[in-house]
Amino acid sequence: MGWFDKLKEGLAKTRDSITDKIGEVLSINKKIDEELYEELEEAMIMSDIGYKTSSDIIDILRKRVKENKIYDSEDVKQLLKEIIVEMMGNNNIGIIPDNTPAVYLVVGVNGVGKTTSIGKMAYYLKNKGYKVVLAAGDTFRAAAIDQLEVWGRRTGVEVIRHQEGSDPAAVIFDAIQSAKAKKADILICDTAGRLHNKKNLMEELRKINKILEKEYNQAYKQTLLVLDATTGQNALIQAKQFMEVSDVNGIILTKLDGTAKGGIVIAVSNELKIPVKMIGVGEGIDDLQEFNPTAFVDAIF
Amino acid sequence: MAFEGLTSKLQETFKRLKNKGKLTDKDVKDAMREVKLAMLEADVNYKVVKDFINSVSERAVGQEVMESLTPAQHVIKIVNEELINLMGKNESKLNISSVPPTVIMFVGLQGAGKTTMAGKLALYLKKHSKKPMLVAADIYRPAAIKQLQVLGAQIDVPVFSLGDKINPVDIAKAGIENAKKSGCDYVIIDTAGRLHIDEELMNELVNIKNSINPNEILLVIDAMTGQDAVNVAEQFNNSLELTGVILTKLDGDTRGGAAISVKAVTGKPIKFVGVGEKLTDIEVFYPDRMSSRILGMGDILSLIEKAQEAIDEKKAMDLQNKLMHQQFTLEDFLEQMQQMKKMGPMKDLLKMIPGIDSSKLGDIDIDEKELDHTEAIIKSMTKQERQNPSIINSSRKKRIAAGSGTSIQEVNKLLAGFEQSKKMMKQFADMQKNMKKGKIKFPFFK
């Protein structure tokens, strides 16, 4: 190597370091740039995280950026993801019961995909080796019972049913007896989709809860709220209302296969501390997956 | 509380604007910030909100405040106008085919409420002396056909189905043929819910559309939809060229920001809204009312409208005079009650008043029966007794109770209540007088 090459190499280094410096300056600029925060906030609001939780997150972000002396906007983004993953929590994921027998009460407003999710849950749990029984507790919507029965056939799981319009509490009662007699591991109860502001229907849910408590006290009990990923801020109100009549232990987030980001569950996690357990990502019977916070957050940004 | 509803949020904002002599740039900016937050909480799309705020701010800043309005009212006026601009001014009717049947195709995501809404619209048409037929073209969701059949039976409307093994395009075509033969003048085709990014299924809809040429292609969308409403609406509109939108589940605390988003990106009118779980819970969509509701005037405009229909203005003036001068009698009370009844159930009226969170109304049960009892009691009084309740002694009370089928206790309760409200009215009347004279400033009228 001649001296000329050496010089060139040296200059290149300098040049590189200059560009680095510029890059640094740029990212320093980016860091103090309100525009970046605004961009991130916008992205969060656009994915239904909601204004309040978005600004909570931005507040934490600002603090940590300062603490960790972060200058690169890419790092800021990474930090942001970490903050959200922390917010979502890493435990309590999935629907494998701590012990059996177990009973899952599945609730939610109309059209979020309760019955479909129950079908997928049955399939998932059966594949894990559990004996599952389904209770057709939605006696209100036309043909809801038939819909659950189709899922029962598809998954090879027994469905306990009454007539349409009959008392759902009675269905649940029978299903408990049947689950006991057959030594089932897990009983999954469908309920009528109810707009959370309908008092009578919420009362009905209270009654079902009472029966579960009285008749199946020894069972590991979980109430799972099904939320539609396309739902906006109203999901918070829904969750709050259901929490009033039932301990909501987790969320099943459905319809994540569209363009909706489902960011509302971050708000639900942040404000109401309910963890997401499973996500529905398609129409197939096996399209119910354990929730993965990191992958979920990656998908948002 | 994070969520008190857009309505009360906006009221807060405008309350703050009230009683300021002038509307500065900063005022507008502050107000618009709150409007922005409120709209975002109502799930109006972020970009739509941004555009809206810009356009309103532009109009608001530098504008002369109209003489008869306070600056705050003027901002409300502008915001309201812009919202109405966004939503469209008038309600929009169904397109009708010159040769029957009129064919209406329902499309939308899963769970939006298509099948239920198909039943509701069929019942609505039937009530308007039409002969609708429902066509079950959702061959994918388990028991979807059954659901439509059950609904059809409930409302006594024929449901056409070829089972779930036949191509939806053929079902739609055969359904329309069948409707023609049986003399039905409306055909509602319920299609399967699908994702807007599912090309295969979207193509199926395009095929149905091309082979039947529907008069209406209505996107059925959940009023609780979040930011994604714009994508959904855009995609369906791009593939199918929608003719309109139906908003479902717009009841209770649903703030329905999706309505604004969908209208903004597609430009297509919202034709109907679903407002409850019963099959009769369907309403024609009035865009101007929606915007006033979002604005925080509740449905106060329709309340005023309703009130004007029912109450003769002169009578109202007389009443006010009587109130002021303490000449309010049981007879006036009866008349007032009857006029209120004309306006509809108390509960509905309460809901329209802005700032009242209807979710909290759930527990308040206004007993319409009690109003009936009150009416009966007053009607059992003589004219003299109504004018001058103080003459009602125990034997009169006995007679009144017997005549109205109530008890003496109830009569007593009414009389006591009446005296009390009379006192209250006097206080109000005094207050009003004093206020006019500028004597008292009330701390709570901030």
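Because the structure is predicted, anything quoted here is derived from the model rather than measured.

## Examining the overall build of chain B
Link 1 in the chain: For chain B, the helix and strand inventory stands at 20 helices and eight strands.
Link 2 in the chain: When each of the 446 residues of chain B is scored for burial, the buried share is 49%.
Link 3 in the chain: A separation threshold of at least 6 residues defines the contact pool for chain B, and within that pool the share at least 24 residues apart is 73%.

## Some words on the side chain of S246 of chain A
Residue and element names in this part refer to chain A.
Link 1 in the chain: Among the structural elements, S246 can be located in the loop between α9 (234-245) and β6 (250-254).
Link 2 in the chain: Looking at S246, its side chain comes within polar contact range of the side chain of N209, at 2.9 Å.
Link 3 in the chain: If we ignore the near neighbours within four places in the chain, the residues touching S246 are L105, N209 and T223.

## Some thoughts on the domain arrangement of chain A
All names here are of chain A.
Link 1 in the chain: The domains assigned to chain A are domain 1 (3-88) and domain 2 (102-300).
Link 2 in the chain: Every contact between the two is made by 13 residues of domain 1 and, on the other side, 23 residues of domain 2.
Link 3 in the chain: Counting the surface lost from both domain 1 and domain 2, the interface buries some 1,400 Å², and carbon and sulfur atoms represent 64% of this.
Link 4 in the chain: Interface area lost by domain 1 to domain 2 is led by S47, D48 and M88, which between them contribute 43%.
Link 5 in the chain: On inspection of domain 1 and its partner domain 2, the count reaches one salt bridge.
Link 6 in the chain: Among the ionic pairs, D298 bridges to K81, the shortest N-O distance being 3.0 Å.
Link 7 in the chain: Scanning the region where domain 1 abuts domain 2 turns up seven residue pairs in polar contact (both at pLDDT 80 or more).
Link 8 in the chain: Of all the elements in the fold, those that place two or more residues in the side of domain 1 that touches domain 2 are α3 (51-67) and α4 (73-88).
Link 9 in the chain: Ranked by residues supplied to the side of domain 1 that touches domain 2, first place goes to α4 with five residues.
Link 10 in the chain: Of the residues contributing to the side of domain 1 that touches domain 2, the split by class is six nonpolar, three polar and four charged.

## Some remarks on the packing of α9 of chain A against helix α10 (residues 264-272) of chain A
Residue and element names in this part refer to chain A.
Link 1 in the chain: Direction vectors running N to C along α9 and α10 enclose 45°, while the axes themselves pass 9 Å from each other. The angle between the axes of α9 and α10 places the two elements in the oblique class. Helix-helix and strand crossings are classified by hand; for α9 and α10 the assignment is right-handed. Of the residues in α10, those touching α9 at A235, L236, A239, K240 and M243 are I264, A267, V268, E271 and L272.

## Quick look at the sheet that holds strand β6 (residues 244-248) of chain B
Residue and element names in this part refer to chain B.
Link 1 in the chain: Spatially, eight strands are ordered β3-β2-β4-β1-β5-β6-β7-β8 in an open sheet, and the strand pairing comes out mixed. On the outer flanks of this sheet lie β3 (159-160) and β8 (282-284), each paired with one strand and no other.
Link 2 in the chain: In terms of strand pairing, β6 meets strand β7 (residues 270-274) through three bridges, oriented parallel. Within β7, the residue paired with I246 across the bridge is F272.
Link 3 in the chain: Contacts from helix α5 (residues 114-127) reach β1 (102-107), β2 (132-137), β4 (186-191), β5 (216-222), β6, β7 and β8, with the element oriented near 170° to β4.

## Notes on the environment of N90 of chain A
Link 1 in the chain: Secondary-structure assignment places N90 of chain A in the loop between α4 and β1 (102-107).
Link 2 in the chain: As a C-alpha pair, N90 of chain A and V276 of chain A span 186 residues in sequence and 9.6 Å in three-dimensional space.

## Topic: the interface of chain B and chain A
Link 1 in the chain: Taken together, the contact pairs 39 residues of chain B with 43 residues of chain A.
Link 2 in the chain: Taking both partners together, chain B and chain A bury about 3,600 Å²; carbon and sulfur atoms supply 58% of that area.
Link 3 in the chain: Where chain B packs against chain A, one counts two salt bridges.
Link 4 in the chain: At the surface where chain B touches chain A, the tally comes to 14 residue pairs in polar contact (both at pLDDT 80 or more).
Link 5 in the chain: Partitioned by chemical class, the residues of the side of chain B that touches chain A number 13 nonpolar, 12 polar and 14 charged.

## Examining the packing of aromatic side chains
Link 1 in the chain: For the structure on display, the rule yields two aromatic pairs over all chains.
Link 2 in the chain: For the pair Y124 of chain B and F272 of chain B, a centre-to-centre distance of 5.1 Å together with 75° between the ring planes defines the contact as edge-to-face. Separated by 148 residues along the polypeptide, Y124 of chain B in helix α5 and F272 of chain B in strand β7 bring together distant segments of the chain.
Link 3 in the chain: The class of Y124 of chain B is buried, set by a relative accessible area of 19%.
Link 4 in the chain: A cation over a ring is seen here: R62 of chain A above Y37 of chain A, with NZ or CZ 4.3 Å from the ring centre.

## Things to note about the sheet that holds strand β7 (residues 276-280) of chain A
All names here are of chain A.
Link 1 in the chain: Strand order in this open sheet of eight strands is β3-β2-β4-β1-β5-β6-β7-β8, and the pairing throughout is mixed. The open sheet terminates on both sides in strands that have one partner only, identified here as β3 (158-160) and β8 (288-290). Strand-to-strand twist across the sheet, computed as the mean angle between neighbouring axes with direction ignored, equals 25°.
Link 2 in the chain: Strand direction decides the pairing type here: β6 and β7, joined by three bridges, are parallel. By the bridge assignment, I251 is partnered in β7 with V276.
Link 3 in the chain: Relative to the sheet, helix α7 (residues 168-181) contacts β2 (132-135), β3 and β4 (186-189), its axis offset from that of β3 by approximately 140°.

## Overview of helix α8 (residues 199-215) of chain A
Residues and elements named next belong to chain A.
Link 1 in the chain: In this model α8 runs 24 Å from its N-terminal to its C-terminal C-alpha over 17 residues, within 8% of the 24 Å that 1.5 Å per residue would give.
Link 2 in the chain: For α8, every residue scored as buried is listed here: L201, M202, E204, L205, I208, N209, I211 and L212. Taken end-on, α8 shows its buried residues confined to a sector of 165°, consistent with a single buried face. The outward face of α8, more than 90 degrees from its buried face, is lined by the exposed residues N200, K210, E213 and K214.
Link 3 in the chain: Looking at the buried side of α8, the elements it contacts are β1, α7, β5 (220-228) and α9.

## Some points on the pairing of β6 of chain B
Residues and elements named next belong to chain B.
Link 1 in the chain: β6 sits mainly inside the fold: five of its five residues count as buried.
Link 2 in the chain: Bridging between β5 and β6 involves five bridges; their strand directions are parallel. Counted as the bridge partner of L218 is G244 from β6.
Link 3 in the chain: Note that the unit made of β5, helix α9 (residues 229-240) and β6 has a crossover that is right-handed.

## A short note on the confidence of the model for chain B
Residue and element names in this part refer to chain B.
Link 1 in the chain: Overall, the prediction assigns chain B a mean pLDDT of 79, with 71% of residues at 70 or greater.
Link 2 in the chain: Below a pLDDT of 50 lies the segment residues 297-311, which in the model reaches 31 contacts outside its immediate sequence neighbourhood of four places, other chains included.
Link 3 in the chain: Considering only residues more than four positions removed or in separate chains, one finds that residues 438-446, a stretch of pLDDT under 50, has nine contacts.
Link 4 in the chain: As a predicted assembly, this complex carries a pTM of 0.72 together with an ipTM value of 0.78.

## Focus: the nonpolar core
Residue and element names in this part refer to chain A.
Link 1 in the chain: Counting 92 residues, the largest nonpolar core has L61, L187, I188 and F296 as its most contacted members.
Link 2 in the chain: Of the domains in this structure, domain 1 (3-88) and domain 2 (102-300) are the two that each give at least three residues to this core.
Link 3 in the chain: Among residues more than four places away in sequence, those in contact with I188 are Y104, V106, I118, M121, A122, L125, V132, V133, L134 and A135.

## As for the confidence of the model for chain A
Link 1 in the chain: Summing up the model confidence of chain A, the mean pLDDT is 86 and the portion of residues at 70 or higher is 88%.
Link 2 in the chain: Here residues 10-26 of chain A is a poorly scored stretch, pLDDT under 50, and it has zero contacts once near neighbours within four places are set aside; other chains count.

What counts, and where the lines are drawn
Residues numbered from 1 in each chain as written. Chains lettered and ligands numbered in written order. Predicted model: local features only at pLDDT ≥ 70, side-chain atom pairs only at ≥ 80, totals over all residues. Heavy atoms only, no water. Helix = DSSP H or I, 4+ residues; strand = E, 2+ residues; numbered from the N terminus. Buried < 20%, exposed > 50% of the residue type's maximum accessible area, 1.4 Å probe, protein only. Contact = heavy atoms within 4.5 Å. Polar contact = N/O pair within 3.5 Å; in protein donor to acceptor, adjacent residues only side chain to side chain. Domains from an automatic or database assignment. Buried area = accessible area lost by both parts, 1.4 Å probe. Salt bridge = Lys/Arg side-chain N within 4 Å of Asp/Glu carboxyl O. Nonpolar A, V, L, I, M, F, W, Y, C, P; charged D, E, K, R; others polar. Axes fitted to C-alpha atoms, helices over the stretch in contact; angles between N-to-C directions. Parallel < 35°, antiparallel > 145°, perpendicular 65-115°, else oblique. Left-handed = near helix turned anticlockwise from the far one by under 90°. Pairing = 2+ DSSP bridges. Phe/Tyr/Trp six-rings, centres within 6.5 Å; stacked < 30°, edge-to-face > 60°. Lys NZ or Arg CZ within 6 Å of the ring centre and 35° of its normal. Expected span 1.5 Å × (residues − 1). Arc of directions from axis to C-beta. Right-handed = clockwise from strand over helix to strand, strands pointing away. pLDDT = per-residue confidence, 0-100. Core = buried A, V, L, I, M, F, W, Y, C linked by side-chain atoms within 4.5 Å.

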